[in-house]
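Coordinate analysis (summary)
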Amino acid sequence: MYTVKETWSPEETFAFGKEMGEAAVPGGIYCLNGDLGTGKTVFAQGFAAGLGIHENVNSPTFTIMQVYKSGRIPLYHFDVYRICDPDEMDEIGYEEYFFGDGVCLVEWAEQLPELFPADVWTIQISKDPEKGFDYRKIEVSQEQETE
Ligand code: ADP
Ligand code: MG
C-alpha cells in the first residue's frame with residue numbers, strides 16, 4: 001500500500017503519527033526516513049502517544065535505542081544516524097527488538113537497508129520549499145499486507 005499525508009504544522013504531523021500508533025500491532029517495524037529536521041521525531045512522539053506512552057520522547061541519537069514500556073505495547077525507538085556498520089546493531093541485540101513483541105520505530109533506517117525484513121512500514125518525510133517552511137509530505141508505504 002502507499003498513501004500520502006501532507007501536513008502544515010508539527011501538530012498535524014504529531015496527530016498523524018498518533019493515528020498510526022493507535023493502529024500499530026505487535027511486531028510492526030516502522031522505518032522513518034527524511035533529512036535532519038523534517039519531523040521524524042515529531043512523528044515518533046505522536047506515534048508513542050498513540051500507543052498510550054506519555055513519557056518524553058526524543059531522538060535517541062547517542063543511546064541508539066530507547067525503550068518505552070508504559071504504553072499498550074512496548075515501543076523500541078531507534079535513531080541509527082551514527083551507525084555505519086550493521087555489526088553495531090548486532091552488538092545492541094537489535095533482533096530481539098525487531099522480531100519481538102513490541103513495535104520498532106527506526107529513525108534514519110535508510111542508512112541500514114540490509115537490516116530490515118520486506119514487510120516493514122516505510123515513512124518518508126520531505127519538505128517542499130515552494131509550499132512553505134512548515135509543509136511536510138509524509139509518504140507511507142508497505143510492501144506486503146499484514147494479516
Ligand atoms: P528529525 O527527527 O527528522 O530530525 P525533528 O522532529 O526533531 O526532526 O524536528 C522537526 C522540526 O520541524 C521541529 O522543530 C518542528 O517544530 C518543525 N516542523 C515544522 N513544521 C513541521 C511539520 N509540518 N511536521 C513536523 N515538524 C515540523
Ligand atoms: Mg530525530
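Please read all numbers here as calculations on a predicted model, not as lab measurements. Counting restarts for each chain: residues are numbered from 1 in the order of the written sequence. Lettering of chains starts at A and numbering of ligands starts at 1, both following the order in which they are written. Side-chain atom pairs in this predicted model are given and counted only at pLDDT of 80 or more, local residue features only at pLDDT of at least 70, and totals for whole chains, interfaces and linings cover all residues. Each side-chain value is worked out from all heavy atoms of the structure, with water and hydrogens disregarded.

Considerations on the site of ligand 1
Here a residue is considered near a molecule or strand provided that any single heavy atom belonging to it is located within 4 Å of it. With respect to spatial proximity, 16 residues lie near ligand 1, and among them T13, G37, K40, T41 and D134 are the closest. Across the complex, the protein chains shield 75% of the 580 Å² of accessible surface that ligand 1 would expose by itself. Note on conventions: DSSP H or I runs of at least 4 residues are helices, E runs of at least 2 residues are strands, and numbering of each starts at the N terminus. Counting residues per element, the ones that place at least two in the shell around ligand 1 are α1 (10-23) and α2 (40-50). The biggest single contributor to the shell around ligand 1 is α2, with three residues. Note on residue classes: Ala, Val, Leu, Ile, Met, Phe, Trp, Tyr, Cys and Pro are nonpolar, Asp, Glu, Lys and Arg are charged, and everything else, Gly too, is polar. In terms of residue class, the shell around ligand 1 is made up of four nonpolar, seven polar and five charged. Note on areas: these come from Shrake-Rupley sampling with a 1.4 Å probe, and a residue is covered only by the protein chains present in the view.

A look at the coordination of the magnesium ion (ligand 2)
A four-donor tetrahedral metal ideally has 109.5 degree angles, and a six-donor octahedral metal ideally has angles of 90 or 180 degrees. Surrounding the magnesium ion (ligand 2) are the protein donor atoms T41 (OG1), S59 (OG) and E107 (OE), at 2.2 to 2.3 Å. Donor residues for the magnesium ion (ligand 2), ordered by position in the chain, follow T-x17-S-x47-E. With T41 in helix α2 and S59 in the loop between α2 and β3 (65-68), the pair connects residues that are 18 residues apart, well separated along the chain. Judged by its relative accessible area of 18%, T41 is buried. Metal-coordinating donors are taken as N, O and S atoms lying within 2.8 Å of the metal, or within 3.2 Å when the metal is Na, K or Ca; because water is left out, some sites can appear incomplete. Remark: exposure states derive from per-residue accessible area (1.4 Å probe, protein chains only) relative to the maximum for the residue type, with buried under 20%, exposed over 50%, and partly exposed in between.

Here's the deal with the sheet that holds β3
With mixed pairing, the seven strands of this open sheet are ordered in space as β1-β7-β6-β2-β5-β4-β3. Edge positions in the open sheet fall to β1 (2-7) and β3, since each of these has one partner strand only. Pairs of neighbouring strands in the sheet enclose a mean axial angle of 15°, with direction left out of account. Note on pairing: two strands pair once DSSP finds at least 2 bridges between them. Pairing geometry for strand β4 (residues 75-79) and strand β5 (residues 103-107), over five bridges, is parallel. Bridged to F78 within β5 is V106. Packing of α2 onto the sheet brings it into contact with β2 (29-33), β4, β5 and β6 (121-126), and relative to β5 it is tilted by some 165°. To obtain each axis, a line is fitted to C-alpha atoms, and for helices this fit is confined to the stretch in contact; angles are then taken between N-to-C directions over 0 to 180 degrees. The criterion used for residue contact is that any of the two residues' heavy atoms lie within 4.5 Å.

Observations regarding α1
Take the number of residues in a helix, subtract one, and multiply by 1.5 Å to get its expected span. Taking 1.5 Å per residue, 14 residues should reach 20 Å; α1 reaches 20 Å between its end C-alpha atoms and fits that length. Looking at α1, one finds that the buried residues are T13, F16, G17, M20 and G21. All buried residues of α1 lie within an arc of 145° about the axis, which places them on one face of the element. More than 90 degrees from the buried face of α1, the exposed residues found are E11 and A23. Contacts from the buried residues of α1 go to β1, β2, α2, β6 and β7 (136-142). Taken from the helix axis, the directions to the C-beta atoms give the arc we talk about.

What about the side chain of K40?
Within the fold, K40 resides in helix α2. His is not counted here, nor are the chain ends, while Lys and Arg score as positive and Asp and Glu score as negative. A carboxyl oxygen of Asp or Glu within 4 Å of a side-chain nitrogen of Lys or Arg is what we treat as a salt bridge. We note that K40 is buried and unpaired, the nearest opposite charge coming from E107 at a distance of 4.9 Å. Only 2.8 Å separates the side chain of K40 from the backbone oxygen of G34, close enough to count as a polar contact. Pairs of N or O atoms within 3.5 Å make up the polar contacts considered here, provided that, within protein, one atom can donate a hydrogen while the other can accept it, and that residues adjacent in sequence are counted only when both atoms are side-chain atoms.

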